[in-house]
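# Summary of structural features
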Amino acid sequence: VQLVESGGGLVQAGGSLRLSCAASGITFSINAMGWYRQAPGNQRELVATINSGGSTNYANSVKGRFTISRDNAKNTVYLQMNSLKPEDTAVYYCNANVPYGRYRGDYWGQGTQVTVSS
């Protein structure tokens, strides 16, 4: 599975950004997809996930501001980020999980920088 992210950038506090992550390869094996982020000096943390059935999970810090969605026909997952705060500044990574079979495991994109200025 290969993951390519896009949509990061610089935005003022209160603004919005939309991240996209396109998957290719053995996409039929993917169950959950999600977004994680890592700020300098911090560990990588979960932002939001969505499984193949559409069930979602969010970090408490982004609930009500971020929305994860998925287009299975396009093998793409999105993260709509509204009301951005400076503490949302981080490198955002796309993740895809293959739970079974020869290619089981977690796959990661290269990351996209999101910077929120105050």
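Residues numbered from 1 in each chain as written. Predicted model: local features only at pLDDT ≥ 70, side-chain atom pairs only at ≥ 80, totals over all residues. Heavy atoms only, no water.

## Topic: the pattern of salt bridges
Here is the rule we go by: Counted as salt bridges are all cases of a side-chain nitrogen of Lys or Arg within 4 Å of a carboxyl oxygen of Asp or Glu. Elements are defined by DSSP. Helices are runs of H or I of four residues or more, strands are runs of E of two residues or more, and each kind is numbered from the N terminus.
Taken as a whole, this structure holds three salt bridges when the rule is applied. For Arg37, the salt bridge identified is with Asp88, shortest N-O distance 2.9 Å. Here the residue Arg37 occupies a position in strand E4 (residues 33-38), and Asp88 occupies one in the loop between strand E8 (76-81) and strand E9 (90-98), the gap between them amounting to 51 residues. Here Asp88 ties to Arg65 by a salt bridge, and the two come within 2.7 Å at their closest N and O atoms.

## What about the sheet that holds strand E3 (residues 17-24)?
Selection rule: Any two strands between which DSSP finds at least two bridges are classified as paired. Convention adopted: a line fitted to C-alpha atoms gives each axis, helices being fitted over their contacting stretch, and angles between N-to-C directions are expressed from 0 to 180 degrees.
Strand order in this open sheet of four strands is E1-E3-E8-E7, and the pairing throughout is antiparallel. Every interior strand has two partners, whereas the edge strands, strand E1 (2-6) and strand E7 (66-71), have only one. Within the sheet, the average angular offset between the axes of one strand and its neighbour, ignoring direction, is 15°. Here six bridges tie E3 to E8, and the two strands are oriented antiparallel to one another. Within the sheet, the bridge partner assigned to Ser20 lies in E8 and is Tyr78.

## So, the side chain of Asn95
Short version of the rule: For this analysis, a polar contact is any N or O atom pair within 3.5 Å, provided that within protein one partner can donate a hydrogen and the other can accept it, and provided that sequence-adjacent residues contribute only side-chain to side-chain pairs.
Mapped onto the elements, Asn95 comes out in strand E9. In terms of polar contacts, Asn95 uses its side chain to reach the side chain of Asp106, at 3.4 Å. Reaching out from Asn95, the side chain makes a polar contact with the backbone oxygen of Tyr107 at a distance of 3.4 Å.

## Regarding the pairing of strand E11 (residues 112-117)
As a reminder, the rule being used: Note on exposure labels: buried denotes an accessible area under 20% of the residue type's maximum, exposed denotes more than 50%, and partly exposed covers the range between, all computed with a 1.4 Å probe on protein chains only.
Side chains of E11 alternate between two faces, with Thr112, Val114 and Val116 buried and Gln113, Thr115 and Ser117 left unburied. The sheet contact formed by strand E2 (residues 9-12) and E11 spans four bridges and is parallel. Across the sheet, residue Leu10 finds its bridge partner in E11, namely Thr115. Sheet analysis places E9 next to E11, joined by three bridges and oriented antiparallel. By the bridge assignment, Val91 is partnered in E11 with Gln113.

Interpretation note: all reported values are geometric properties and have no functional meaning in isolation.
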